[in-house]
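Structural overview
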Amino acid sequence: MSPIVIEVGKQMNGATFRLSPKTEVLLESRIPDWSPASSIFVSFDTQWDFDRLHGPMWTQIAMLLTSLSEEQIQNLGGFIFMSPSDKEVVFESRAA
Amino acid sequence: MSRKQNLYVGRAGQMAVMAELLWRGWNVALPEVDVGEDVFVVKDESGELWRVQVKTATAKPQQTGYSAQFKVSLKQLETLRTPDLVYIFAIRGMAGWETFIVIDRSTLYREHELHRIGSISQGNLVLRVSQDDSFLRCSERDLLPYKGDWSRWPVLSH
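Here goes a summary of the coordinates provided. (Residues numbered from 1 in each chain as written. Chains lettered and ligands numbered in written order. Predicted model: local features only at pLDDT ≥ 70, side-chain atom pairs only at ≥ 80, totals over all residues.)

1. Section: the overall build of chain B
Heads up, the condition is: We count a stretch as a helix when DSSP gives it H or I for four or more residues in a row; a strand needs E for two or more, and each element gets its number in order from the N terminus. The quantity called the radius of gyration is restricted to C-alpha atoms. Its globule counterpart is 2.2 Å times the number of residues to the power 0.38. Exposed residues have 12 or fewer other C-beta atoms within 10 Å of their own C-beta, buried residues have 20 or more, and partly exposed residues fall in between, where C-beta atoms are placed from the backbone. Note that contacts rest on C-beta atoms placed from the backbone: two residues are in contact if these are within 7 Å.
The secondary structure content of chain B amounts to 3 helices and 11 strands. In summary, chain B has a C-alpha radius of gyration of 15 Å against a globular reference of 15 Å for 158 residues, a match within 12%. Structurally, chain B occupies a C-alpha span of about 45 × 35 × 35 Å along its principal axes. When each of the 158 residues of chain B is scored for burial, the buried share is 30%. Nonlocal contacts in chain B, meaning residues at least 24 apart in sequence, comprise 55% of its contacts between residues at least 6 apart.

2. As for helix α1 (residues 21-30) of chain A
This is how it is decided: In this description, one arc is meant: the one made by directions from the helix axis to the C-beta atoms.
Regarding α1(A), the residues found buried are Pro21(A), Thr23(A) and Glu24(A). When α1(A) is viewed along its axis, its buried side chains cluster within an angular range of 155 degrees and face the same direction. Within α1(A), the exposed residues directed more than 90 degrees away from the buried face are Ser29(A) and Arg30(A). Of the surrounding secondary structure, the elements contacted by the buried residues of α1(A) are β1 (4-11) and β2 (14-19) of chain A together with α3 (105-115) of chain B.

3. Quick notes on the interface of chain B and chain A
Note the threshold: Side-chain classes follow a simple rule in which Ala, Val, Leu, Ile, Met, Phe, Trp, Tyr, Cys and Pro form the nonpolar group, Asp, Glu, Lys and Arg form the charged group, and the remainder, Gly included, forms the polar group.
Facing 11 residues of chain B, the contacting portion of chain A comprises 12 residues. Taken together, the elements giving at least two residues each to the side of chain B that touches chain A come down to α2 (74-78) and α3 of chain B. By residue number, the principal contributor to the side of chain B that touches chain A is α3(B), which donates 5 residues. In terms of residue class, the side of chain B that touches chain A is made up of 3 nonpolar, 3 polar and 5 charged.

4. Quick word on the sheet that holds β1(A)
All names here are of chain A. Let me state the cut-off plainly: By this definition, two strands are paired if DSSP reports at least two bridges between them. Every axis corresponds to a line fitted to the C-alpha atoms, with the helix fit spanning only the stretch in contact, and the corresponding angles, defined between N-to-C directions, vary from 0 to 180 degrees.
Read across the sheet, 5 strands follow the order β3-β2-β1-β4-β5 without closing on themselves; strand pairing throughout is mixed. This sheet does not close on itself; its edge strands, each paired only once, are β3 (40-43) and β5 (89-94). Averaged over all neighbouring strand pairs, the angle between strand axes comes to 20 degrees, with direction disregarded. Note that β2 and β3 share 4 bridges and pair antiparallel. When the bridges of β3 are listed, Thr16 appears paired with Phe41.

5. Some remarks on the pairing of strand β4 (residues 78-82) of chain A
All names here are of chain A. Looking at chain direction, β1 and β4 are connected through 4 bridges and run parallel. Among the inter-strand pairings, Ile6 is bridged to a residue of β4, identified as Phe81. One ladder, built from 5 bridges, connects β4 with β5; its direction is antiparallel. Looking across to β5, one finds that Met82 is bridged to Val89. The antiparallel pairing of β4 with β5 creates a hairpin that spans 6 residues between the two strands, and Lys87 there sits at a positive phi of about 65 degrees.

Laid out in structure tokens, this is it:
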């Protein structure tokens with residue numbers, strides 16, 4: 001099963017996260033009346049990088065964006081965080 | 001069209017968009033250096049900010065209606081930022097401004113990813129828009145919902 005793809009945009013004071021268009025279509029087709037947050041911005045007071053985001057935070061962002069539980073996300077194949085311009089995967093948690 | 005003429009047309013579109021926003025009661029600002037957005041729109045009371053990229057084209061008459069062509073940087077289209085970018089495509093006819101197409105970056109990106117709107121050339125997404133009395137479209141995708149959609153900036157009274 002293809003994982004949930006979350007696109008990331010890094011900027012000096014944090015990062016923006018958004019479901020990829022294909023993941024949005026997939027979840028719209030599977031979950032009736034699905035109305036997720038369109039994007040999430042995680043802000044830091046100082047300059048930062050993705051290594052300052054720890055394991056549980058990635059999962060929490062995925063849960064917030066999809067409105068799904070951790071178990072539901074894993075049942076769908078897990079998730080990956082990816083930069084849309086260069087396709088670099090910055091974090092992934094795939095279902096076993 | 002010469003490069004110099006392009007500069008004049010582009011600036012005219014930017015000014016037309018700024019004029020519309022000011023008329024609607026929203027403050028606007030120009031970045032001193034152009035590095036990706038053309039206009040900042042600011043709500044004075046709250047400090048809310050929108051980043052706007054204006055693209056301008058001159059309408060080319062067709063058998064019915066007209067067409068216009070725009071280029072959008074793919075890198076810019078694919079880049080997520082907060083606040084996100086809003087594109088405004090301004091189409092100028094001989095008699096005046098024909099249309100402003102107002103569309104979020106994320107919506108245009110979705111159209112590109114899911115429906116292959118436009119064509120790719122040298123790192124740009126090329127959008128050829130055609131319009132007559134009954135339609136406004138690009139690559140068979142309906143753009144009418146975005147025509148003159150200034151709803152994110154409703155008219156304010158000061």
